[in-house]
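# Structural characterization, general
Take a look at the letters that make up each chain.
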Amino acid sequence: MATVANSVAHPTLISADPFIPAREQKGLHNRWHPDIPAFATVKPGQVFNVECVDWTGAQIGNNDTSDDIRDVDLTSVHNLSGPIAVEGAEPGDCLVVDILDVRPFDKMPWGYTGIFELENGGGLFAREFQSRAAKAIWDFKGVYATSRHIPGVRFAGVSHPGLIGTAPSAELLATWNKREGALIEAHANSVPPVAYGPMVPGAYVGQDLPDDIRAKIYREGARTIPGREHGGNCDIKNLSRGSRCYFPVFVKGANLSVGDLHFSQGDGELSFCGAIEMAGIVTFSTSIIKGGVEKFAMKQPIFLPSPVDPLYSAKLIFQGISVDYHGDGTQYNMDATVAYKQAALNAIAYLMKIGYTREQAYLLLSAAPVESHIGAVVDSPNACVTLALPLGIFEHDILPKDEGLKKLEFGQCAVRSDGVL
């Protein structure tokens, strides 16, 4: 018979409420800085849970307008849970992080995908589309996601943390701020900005700190928006349950933080808030490889993806090359970003022939388990990138036919209350 003895639940080290603003909760922070102290400490091998709010910190609602996307305060993102120190970790070590599970809160079985305003967030096609806010709400039923805002699709999610990393050293933080500051200065008038420097407004650390330390963190802390040498916001969709991450350690204890949980995401996360964003719970275990940075020649993290993956073997693949043929026809030299854009624009144009609006197609490519691969980067002048759309996610046939594509009616996603697109 089952016994209570020796049955010990894994502890939850950081608790979060997905319906309370992030800046009212303990154990959360939204800047990277070595002076943010560990909120909790674990021993190597210990299994533990961490609860996370969504990346905006409860700014987005389950409703049918995109006004909240339009008005989102991006000075306060991303909201991370942590830091968590690992006993024995020292600079130069490798922190091994096993992602044992990623799941939404039972009390919040939904998430969202958003297109952000050109002047407030942007996205891959912010300038091409002169982006205005739009969104889709997704309902979770077990492993599957469906949306009232993008009818006709249903797919299994590969839930993962979009953002996970160790704390930077003071030297590394200074390097980030110097190099990104130079980029910002060189492109001072870019819309959307090419990068975001340290910013006191919106900064938050949910711990009791001396005023001078808090002020220093808020003044110097790096924004969490890009991925960097420590990991960070890399948005790798296959880092789901069963994955293993190898992070370089820059400070004593490593000080691991995590957030920006996704129920599903397409390769590239096109629309900036392009995954199915969710709040939820991550289960971890950690270990340490002493001297791992030198042993593995680590300049950045190394990842072992999950063995768990939805089986969508049949795919419709769209090619893109480094020629802006959706724009002014400019020839670029081996530019994989331009090639990726063209592949995605080809897929969006195709989906519009089926009946989806441009906004719905953009959101779908961001949220569904779409795969993108570099075909070639050696055949000058054209890099070649592919985008693969799984056929099995659609409730209707989308394959090319002699008679053309059958156009159906799918309505529209959630848009601004003033109707501006």
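Everything that follows concerns the structure shown earlier in this document.
First, a word on what this report is: a plain description of the structure on this page. All of these numbers come straight from a predicted model, not from anything done at the bench.

### Here we look at the sheet that holds strand S14 (residues 243-248)
On the basis of which strands lie adjacent, the open sheet formed by six strands has the order S1-S4-S17-S6-S14-S18 and mixed pairing. Every interior strand has two partners, whereas the edge strands, strand S1 (12-14) and strand S18 (302-304), have only one. In this sheet, neighbouring strand axes are inclined to one another by 30 degrees on average, regardless of whether the strands run parallel or antiparallel. Across 10 bridges, the pairing between strand S6 (residues 94-104) and strand S17 (residues 280-289) is antiparallel. Its bridge partner being in S17, Arg 103 is matched across the sheet by Ile 281.

### Description of the packing of aromatic side chains
Scanning the entire structure with this criterion turns up 12 aromatic pairs. When the ring of Trp 55 is compared with that of Phe 116, the centres are 5.8 Å apart and the planes differ by 50 degrees; the resulting orientation is tilted. Remark: Phe 116 occurs in the loop between strand S7 (110-115) and helix H2 (126-129) and Trp 55 occurs in the loop between strand S4 (47-52) and helix H1 (67-70); sequence separation between them is 61 residues. Where Phe 247 meets Phe 303, the ring centres are 6.1 Å apart and the plane angle is 80 degrees; that geometry is what we call edge-to-face. With Phe 247 in strand S14 and Phe 303 in strand S18, the pair connects residues that are 56 residues apart, well separated along the chain. On the basis of relative accessible area, Phe 303 is assigned to the partly exposed category, the value being 26%. One aromatic cluster is present, built from ring pairs that chain together Trp 55, Phe 116 and Phe 272. We note Arg 154 situated over the ring of Tyr 144; from NZ or CZ to the ring centre the distance is 3.6 Å.

### As for the sheet that holds strand S19 (residues 315-321)
An order of S19-S21-S20 is seen for the three strands of this open sheet, with the pairing classed as antiparallel. Edge positions in the sheet fall to S19 and strand S20 (371-376), since each has one partner strand and no second. For this sheet the average axis-to-axis angle between neighbouring strands, irrespective of direction, equals 25 degrees. As judged from the seven bridges shared by S19 and strand S21 (residues 384-390), these two strands associate in the antiparallel manner. Pairing of Gly 320 across the sheet is with Val 385, part of S21.

Conventions adopted
- Residues numbered from 1 in each chain as written.
- Predicted model: local features only at pLDDT ≥ 70, side-chain atom pairs only at ≥ 80, totals over all residues.
- Heavy atoms only, no water.
- Pairing = 2+ DSSP bridges.
- Helix = DSSP H or I, 4+ residues; strand = E, 2+ residues; numbered from the N terminus.
- Axes fitted to C-alpha atoms, helices over the stretch in contact; angles between N-to-C directions.
- Phe/Tyr/Trp six-rings, centres within 6.5 Å; stacked < 30°, edge-to-face > 60°.
- Buried < 20%, exposed > 50% of the residue type's maximum accessible area, 1.4 Å probe, protein only.
- Lys NZ or Arg CZ within 6 Å of the ring centre and 35° of its normal.

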